[in-house]
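Residues per chain, in single letters:
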Amino acid sequence: MSNETSPLNADNIKMAKEKAQAAGKAVSAYARTVANGNASIRMVALVAGVLLCVDSLASFGEDLFSFHLTNAFVDFYSFAVGFAAVVMESDKEALPYATKMRSVIGKNFGIVRTVTGRGIFYGVAATLELSESNTRSKVIGTFVLLVGVAYIVLGRMAHDKMMKIRNQNFPEKKIKSMFENYDKNENDRLEFDEFKRMLEDLELELSMQEAELLYLSIDKDMSHGLTLEEFYKFWSTSAELDTFTV
């Protein structure tokens, strides 16, 4: 076979090296973004959910073929948990019937409507993966566990920062005016970008991840949009920010 038609010719090897270098730079750039607090923690959680689904399906086939039915049941449960994570963390319109599925999850598993609760949710999911004997599952389990810890720690940090400004005790008229001013698309809901712009205008030093988790904690119906009622409740100083408790 000639060098021109061989997949290992000089041009193909050079192209592969260039793609590998580009991928390495992309990974490094994203790592720096994460370190600087500008990456989406919910995107990382979405990746964790996808990995749970893929790994549990692979393990399910292996365990079913070898008649390890107990392990196969655990794999099925892991898939359900991973799919729930994908539904919760994906964009509002990314999946068919996602809004209805999030509503069902929120009603039946209320713990995931809080930041701490969702962190615990990922911790439980991680234990399922870590119970597997293969290295692949243990690596994924460790990754999912770190996501859960990040939810709890960053959520707590956002809580502490917000308590300072909530002590200003805004009147209801002011709260409604703020909501209307930042509801740029006038759909009677604050999208995350609109909410983040409000935080920036209030000169709050929250990282991207902290802002996401704060938004998640207020969005009690898991609709990916804050209603005026949810916004009122958030600014109410008559009660502790219970959105970070289990």
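Below, the structure is looked at part by part. Since this is a predicted model, take the numbers as computed values, not measurements. (Residues numbered from 1 in each chain as written. Predicted model: local features only at pLDDT ≥ 70, side-chain atom pairs only at ≥ 80, totals over all residues. Heavy atoms only, no water.)

## With respect to the overall build of the protein
Secondary structure assignment for the protein yields 10 helices and 0 strands. Put simply, the protein runs from its N terminus to its C terminus through helices and strands in the order α-α-α-α-α-α-α-α-α-α. Counting across all 246 residues of the protein, residues that qualify as buried make up 41%. Sequence separation of 24 or more characterises 66% of the internal contacts of the protein that already satisfy a separation of 6 or more. Of the accessible surface of the protein, which amounts to about 14,100 Å², a share of 61% is contributed by carbon and sulfur atoms. (Helix = DSSP H or I, 4+ residues; strand = E, 2+ residues; numbered from the N terminus. Buried < 20%, exposed > 50% of the residue type's maximum accessible area, 1.4 Å probe, protein only. Contact = heavy atoms within 4.5 Å. Areas by Shrake-Rupley, 256 points an atom, 1.4 Å probe, with all protein chains shown as cover.)

## A short note on helix 7 (residues 172-182)
Every buried residue of helix 7 is accounted for by Ile175, Met178, Phe179 and Tyr182. The arc that holds every buried residue of helix 7, seen down its axis, measures 100°, which confines them to one face. (Arc of directions from axis to C-beta.)

## What about the packing of helix 3 (residues 69-89) against helix 4 (residues 98-108)?
Helix-helix packing is described using two parameters, namely the angle between the two axes and the distance between the axes. Put simply, helix 3 and helix 4 touch, their axes get as near as 9 Å, and they point 120° apart. Considering only the axes of helix 3 and helix 4, their crossing is left-handed. Of the residues in helix 4, those touching helix 3 at Phe83, Ala84, Val87 and Met88 are Ala98, Met101, Arg102 and Ile105. Grouping the constituent residues of the contact of helix 3 with helix 4 by class yields 7 nonpolar, no polar and 1 charged. (Axes fitted to C-alpha atoms, helices over the stretch in contact; angles between N-to-C directions. Left-handed = near helix turned anticlockwise from the far one by under 90°. Nonpolar A, V, L, I, M, F, W, Y, C, P; charged D, E, K, R; others polar.)

## Re the side chain of Glu129
Counting through the fold element by element, Glu129 comes out in helix 5 (residues 115-130). No salt bridge forms around the buried Glu129; measuring N to O, its nearest opposite-charge neighbour Arg136 is 6.4 Å away. When near neighbours in sequence (up to four residues on either side) are disregarded, Glu129 contacts Leu52, Asp55, Ser78, Ser137, Lys138, Ile140 and Gly141. (Lys, Arg positive; Asp, Glu negative; His and termini not counted. Salt bridge = Lys/Arg side-chain N within 4 Å of Asp/Glu carboxyl O.)

## What to know about the pattern of salt bridges
Within the structure shown, the criterion is met by 7 salt bridges. A salt bridge links Asp160 to Arg156; its shortest N-O distance comes to 3.9 Å. Placement of the pair is Asp160 and Arg156 together in helix 6 (residues 135-166), with a separation of 4 residues, close to one helical turn. Judged by its relative accessible area of 38%, Arg156 is partly exposed. Connected through shared salt-bridge partners, Arg42, Glu89 and Arg118 make up one network.

## Comments concerning the side chain of Glu132
Along the polypeptide, Glu132 turns up in the loop between helix 5 and helix 6. If we skip the residues at most four places from it in the chain, Glu132 touches Val74, Asp75, Ser137 and Lys138.

## Observations concerning the nonpolar core
Formed by 25 residues in total, the largest nonpolar core has its most connected members in Met88, Phe121, Tyr122, Val144 and Tyr151. Ranked by residues supplied to this core, first place goes to helix 5 with 6 residues. Those residues in contact with Met88 that lie beyond four places of it in its chain are Arg42, Arg102, Ile105, Val112, Arg118, Phe121, Tyr122, Met222 and His224. Residues Ile175, Phe192, Leu199 and Leu214 belong to the second largest nonpolar core, which totals 23 residues. (Core = buried A, V, L, I, M, F, W, Y, C linked by side-chain atoms within 4.5 Å.)

## Brief notes about helix 8 (residues 192-201)
Taken together, the buried positions of helix 8 are Phe192, Glu194, Phe195, Met198 and Leu199. The buried side chains of helix 8 occupy one side of the element, clustering within an arc of 165° when seen end-on. Of the residues flanking the end of helix 8, it is Glu203, one or two places downstream, whose phi is positive at about 60°.

## Quick notes on the packing of aromatic side chains
One pass over the structure, following the stated rule, counts 9 aromatic pairs. Aromatic pair Phe79 and Phe83: ring centres 6.3 Å apart, planes at 15°, arrangement stacked. Placement of the pair is Phe79 and Phe83 together in helix 3, with a separation of 4 residues, close to one helical turn. With a centroid separation of 6.2 Å and an interplanar angle of 75°, the aromatic rings of Phe231 and Trp235 are classed as edge-to-face. Taken as a pair, Phe231 and Trp235 lie in helix 10 (residues 228-235) at a separation of 4 residues, close to a single helical turn. (Phe/Tyr/Trp six-rings, centres within 6.5 Å; stacked < 30°, edge-to-face > 60°.)

## Some words on the packing of helix 2 (residues 41-65) against helix 5
Packing of helix 2 against helix 5 brings their axes to within 12 Å, and their N-to-C directions diverge by 30°. It follows that helix 2 is roughly parallel to helix 5 by the angle criterion. Handedness of the helix 2/helix 5 crossing: left-handed. Seen from helix 2, the contacting residues are Arg42, Ala45, Leu52 and Asp55; seen from helix 5, they are Arg118, Tyr122, Ala125 and Glu129. Counted by class, the contact of helix 2 with helix 5 contains 4 nonpolar, no polar and 4 charged residues. (Parallel < 35°, antiparallel > 145°, perpendicular 65-115°, else oblique.)

Nothing here speaks to function; it is all geometry.
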